[in-house]
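Summary of the model geometry
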Amino acid sequence: MTADHSAPRATIARRLESLDAATSLALLAGVDFGRVVFTRDALPAVRPVNHCLDEGQIIVRTRLSAAVTRATGEVVAYEADDLDPVRRLGWSVVVTGTARTVDDPERIARLEQVLHPWVDQPMNLVIAIDAQLVTGYRFVEDSQA
């Protein structure tokens, strides 16, 4: 699907507002879909995934055969947003941290009850991303303009 760039856009003034880590993580917790960015063959790779937040970590379920599984033990980025393409308002959050395999069977069982992948395939690996660097921005109306 391609965007209709000919549609009229809202003509409101906007500004970019930095968000603190707590606000950014709260926004991230309010959506269940984002993109994980990792290195594959020395190049950046991006995969859309759904997530949840648990114990301050971003949790993703995946398959052992998926490319993203090779990112465990590595630094990755996770990005999610909620943007209105017409009004050009919303927010975007990027979390950077180390991806780790979740090994605790009780935690895995609990996470499997709350995080349901969008694809109809067995997801036999749970990855946790530590929120070491959290950057968030909100596009807001600028009443000063």
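Residues numbered from 1 in each chain as written. Predicted model: local features only at pLDDT ≥ 70, side-chain atom pairs only at ≥ 80, totals over all residues. Heavy atoms only, no water.

1. Observations regarding the packing of aromatic side chains
Evaluation of the coordinates by the stated rule reveals one aromatic pair. With centroids separated by 4.7 Å and ring planes inclined at 15 degrees, the aromatic side chains of F33 and W118 adopt a geometry described as stacked. Placement of F33 in strand β2 (residues 33–40) and of W118 in the loop between α2 (105–114) and β8 (125–130) is noted, with a sequence separation of 85 residues between them. Taking relative accessible area as the criterion, F33 reaches 30% and is therefore assigned partly exposed. (Phe/Tyr/Trp six-rings, centres within 6.5 Å; stacked < 30°, edge-to-face > 60°. Helix = DSSP H or I, 4+ residues; strand = E, 2+ residues; numbered from the N terminus. Buried < 20%, exposed > 50% of the residue type's maximum accessible area, 1.4 Å probe, protein only.)

2. Section: the environment of A128
Locating A128 in the fold gives a position in strand β8. Sequence separation between A128 and A71 is 57 residues; the distance between their C-alpha atoms is 11 Å. The contacts of A128, once residues within four sequence positions are left out, are Q57, I58, I59, T98, A99, R100 and V102. (Contact = heavy atoms within 4.5 Å.)

3. Comments concerning unusual backbone geometry
Positive phi, close to 55 degrees, is recorded for D41, a residue that is not glycine. Even without a glycine there, the phi angle at R88 is positive, about 60 degrees. Residue position: R88 is located in the loop between β6 (75–84) and β7 (89–101). Of the residues examined, R88 reaches a relative accessible area of 42% and is grouped as partly exposed.

4. Details of helix α1 (residues 21–29)
Looking at α1, one finds that the buried residues are S24, L27 and L28. Along the axis of α1, the buried residues cluster in a sector spanning 100 degrees; they form a single face. Away from its buried face, by an angle of more than 90 degrees, α1 presents the exposed residues A22 and A26. Tucked into the core, α1 has its buried residues touching β1 (14–19), β4 (52–54), β5 (57–62), β6, β7 and β9 (133–141). (Arc of directions from axis to C-beta.)

5. Here's the deal with the nonpolar core
By size, the foremost hydrophobic cluster in this structure holds 25 residues, and its most contacted members are V36, F38, I58, V76, Y78 and I129. Of all elements in the fold, only α1, β2, β3 (43–50), β5, β6, β7 and β8 reach the threshold of two or more residues within this core. V36 has contacts with A45, V46, R47, V49, V68, V76, A77, Y78 and I129, leaving out every residue within four places of it along the chain. Within the second largest apolar cluster, seven residues are counted, among which are C52, I59, V126 and A128. (Core = buried A, V, L, I, M, F, W, Y, C linked by side-chain atoms within 4.5 Å.)

Don't take any of this as a statement about function, it's just geometry.
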